[in-house]
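# Topology and contacts: notes
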Amino acid sequence: MLRLWITLVENGEDKLTLALPPRASWMIGRDESMNELVLHEAGVSRLHARLVFQESRYVLQDVHSKAGTLVNDEKVEGLHELANGDVFTVGTSTFRCRLAEWSMADEDEHTETLLG
């Protein structure tokens, strides 16, 4: 099964890697009651972006945020299919994507799993 890992990158350093469990979508934004990935920072809307698994691929969608969402420094319009190594930015937070086939044996102690 294809799985997505996102790594928070700050000043060129990997800070935290999240393994996203298989599910339909994950919301990203400032509001804790409405998002699975919460970013408390200026420039992030209450509902900012959505990661979606559909048709065996992962896509990123800006959900009409004021500041926009970037993939590889380009503004996301509509659905943007993510590729291995893509970098996306929400507010001032930057994440690097890793897409790979996954099995339980691939988990390690340096990866946190978002609960679905």
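The following paragraphs examine the structure supplied in this document. (Residues numbered from 1 in each chain as written. Predicted model: local features only at pLDDT ≥ 70, side-chain atom pairs only at ≥ 80, totals over all residues. Heavy atoms only, no water.)

### What to know about the side chain of aspartate 62
Our working rule: Starting at the N terminus, helices and strands are each numbered in turn, a helix being any DSSP run of H or I of at least four residues and a strand any DSSP run of E of at least two. Partly exposed describes any residue whose relative accessible area lies between the buried limit of under 20% and the exposed limit of over 50%, with all areas from a 1.4 Å probe on protein chains only and scaled to the type maximum. Only four residue types enter the charge count, namely Lys and Arg as positive and Asp and Glu as negative; His and the chain termini do not. We define a salt bridge as a contact between a side-chain nitrogen of Lys or Arg and a carboxyl oxygen of Asp or Glu at a distance within 4 Å. We call two N or O atoms a polar contact when they sit within 3.5 Å, provided that within protein one can donate a hydrogen and the other can accept it, with sequence-adjacent residues counted only if both atoms are side-chain atoms. Contacts were defined at the residue level, with two residues in contact if any of their heavy atoms lie within 4.5 Å.
Tracing the chain through its elements places aspartate 62 in strand S6 (residues 57–62). Although aspartate 62 is buried, it forms no salt bridge, and the closest oppositely charged side chain is lysine 75 at an N-O distance of 6.7 Å. Only 3.1 Å separates the side chain of aspartate 62 from the backbone nitrogen of histidine 64, close enough to count as a polar contact. Within the local environment of aspartate 62, its side chain forms a polar contact with the side chain of threonine 69, the two groups lying 2.6 Å apart. Contacts of aspartate 62, omitting those with residues within four sequence positions, involve His48, Ala49, Gly68, Thr69, Val76 and Gly78.

### Considerations on the nonpolar core
Defined as follows: The nonpolar core is taken to be a set of buried Ala, Val, Leu, Ile, Met, Phe, Trp, Tyr and Cys residues, with the residues joined through side-chain atoms within 4.5 Å.
In this structure, Leu4, Ile6, Ile28, Leu51, Leu60, Leu82 and Phe88 are the most contacted members of the largest nonpolar core, which totals 22 residues. When contributions to this core are tallied by element, the ones reaching two or more residues are strand S1 (2–10), strand S2 (13–20), strand S3 (25–29), strand S5 (49–54), S6, strand S10 (87–90) and strand S11 (93–101). Apart from residues no more than four positions distant in its own chain, isoleucine 28 is found in contact with Asn35, Leu37, Leu39, Leu47, His48, Ala49, Leu51, Phe88 and Val90.

### Overview of the pattern of salt bridges
With the rule as written, the count across this model stands at four salt bridges. Between arginine 96 and aspartate 14 there is a salt bridge, and its shortest N-O distance comes to 2.7 Å. Here the residue arginine 96 occupies a position in strand S11, and aspartate 14 occupies one in strand S2, the gap between them amounting to 82 residues. Note that arginine 57 is salt-bridged to glutamate 81, the shortest N-O span being 3.4 Å. Pair noted here: arginine 57 is in strand S6 and glutamate 81 is in strand S9 (residues 79–81), with a separation of 24 residues, a long-range link. Under the relative-accessibility criterion, glutamate 81 is labelled partly exposed at 46%.

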